[in-house]
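Here is what each chain is made of, one letter per residue.
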Amino acid sequence: MRKNKRPEIPAAGVSPGKPAEKGSPVSLGYFFKAGAALEPQGEALYGRYEVMRTWCDQAAGWLGIGVDELLSLEIRTDELAHIPLLRSIVVSLGIVDVLEAAGVRARSVGGYSSGVMVASCVAGGIERKDLLSLARRMMEAPDLSLGPRPQGLAQLAFPRATPQREIDWYYGDVWPEVYLAADSGLTADGEYRMITVSGYLDVLERLATHMPADRALVYPSFGALHSPLSRPLRDFMEPHVRRTRFHDPRLPLFTGFRREPVTTAAEVAGAFVRNYTDPIWLGHLHDGMRQAGVRVAVAPGPGKPLQMSVLRWPFEVLEVLTPDDVADALLTLHDLALL
């Protein structure tokens, strides 16, 4: 099981620096990562757990594809671009089923980028079938990473003491085609602040030359996500989102767009729409879940593991992707009296 560096957990169950809200119980949360699963995922879980098989069979039936294709096909072609996102969603929800069958009960849910969609579902804001339908519809949108000026993302690492005005330069007036996509906060060692920017790849490559080579990573993505350049994707998806039935979440839902939880069906739908063009602040998500009393967050499913191991988190994060991860997570939760 991949785990971030385990922080000291105070007796009150919250991290130092900002206390939980008065009356908030110390609790377990779910946290869903960004990213999609290009490589096979979930096969061992499917073979081990009946509840996983039941869910994956149902999801594959809804989607009209085979379970083998959903879980096992290694993606190499653009024609199958919808599979990685669907696989990530299905495997993440299946792991939740496995954990809950073992008695795990989260009191709050958080997620960012594509993880917002899964988090919304687990919190009760959207039905599973509707979520998969929306995710598949998104793959019919124009691929903004293609075309004469491909789009993408760049991750930039700034020394912790870097003034904000210097960071702003990298997506300010000097670079009008570069936008802040995410402020991920500090690295686990506290030395660097991680910022992700969106834009055209040619511009991002030029931008990266103004950083030390080991502190800038430029890569293609499904468009310049979380920026105005993704407006065509948002415009394509918004009518489908608005026609989807959402619900008031049963659990506090944190999205990274604000510190307060999402509490209404309209706000859940709004988060789906904003997710295409609005920047994300992981600090908002951290603060919200921490103030809700979370001291351990289980991160089920695929995603970007470096997000978990490189970044600083105000609570322990347990990544769960394999049967061994399930066993380790259950043991840890039992030891912490959260199971």
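The written sequence of each chain sets the order in which its residues are numbered from 1. Side-chain atom pairs in this predicted model are given and counted only at pLDDT of 80 or more, local residue features only at pLDDT of at least 70, and totals for whole chains, interfaces and linings cover all residues. Excluded from the side-chain calculations are hydrogens and water; all other atoms, namely the structure's heavy atoms, are used.

Q: Is there a simple way to explain helix α8 (residues 201-208) in this structure?
A: Residues separated by three or four positions in an α-helix point in the same direction, a consequence of the helix having 3.6 residues per turn. Residues Leu201, Val203, Leu204, Leu207 and Ala208 constitute the buried set of α8. Buried positions in α8, seen along its axis, are confined to an arc of 155° and lie on one side of it. Note on contacts: a residue pair qualifies if any of its non-hydrogen atoms lie within 4.5 Å across the two residues. Each helix is a run of DSSP H or I of at least 4 residues and each strand a run of E of at least 2, with the numbering of both proceeding from the N terminus. In this structure, the buried side of α8 is in contact with β3 (151-159), β4 (178-186), β5 (192-200) and β6 (216-220). Burial classes: relative accessible area under 20% of the type maximum marks a residue as buried, over 50% as exposed, and values in between as partly exposed (1.4 Å probe, protein chains only). The arc in question is the one traced by the directions running from the helix axis out to the C-beta atoms.

Q: Can you help me understand the nonpolar core in this one?
A: Nonpolar side chains in soluble globular proteins tend to end up buried together. By size, the foremost hydrophobic cluster in this structure holds 64 residues, and its most contacted members are Tyr30, Ile89, Phe246 and Phe272. It is helix α4 (residues 82-101) that contributes the most residues to this core, eleven residues altogether. Apart from the residues lying within four places of it in its own chain, the contact partners of tyrosine 30 are Val96, Leu99, Glu100, Val104, Ala106, Ser108, Val109, Gly110, Val122, Met289, Val298 and Pro300. Counting residues in each nonpolar core, the second largest holds 22 residues, with Val178, Leu180, Val197 and Leu204 among its members. Grouping buried Ala, Val, Leu, Ile, Met, Phe, Trp, Tyr and Cys residues that are joined through side-chain atoms within 4.5 Å yields what is termed a nonpolar core.

Q: Mind showing me how you'd approach the packing of aromatic side chains here?
A: Aromatic ring pairs are reported here in terms of the distance separating the ring centres and the angle at which the planes meet. Here is the rule: rings of Phe, Tyr and Trp (six-membered ring for Trp) pair when centre to centre is within 6.5 Å. Planes less than 30 degrees apart are stacked, more than 60 are edge-to-face, and the remainder are tilted. The tally for this structure, following the rule as stated, stands at nine aromatic pairs. Among the aromatic residues, those joined into a cluster by ring pairs are Phe31, Tyr112, Trp313 and Phe315. The rule for a charge over a ring is simple: NZ of Lys or CZ of Arg within 6 Å of the ring centre, and within 35 degrees of the ring normal. Seen from the ring of tryptophan 55, arginine 128 lies directly overhead, with NZ or CZ sitting 4.5 Å from the centre. One cation-aromatic arrangement involves arginine 149 over tyrosine 200; the distance from NZ or CZ to the ring centre is 4.0 Å.

The analysis is restricted to geometry; functional conclusions fall outside its scope.
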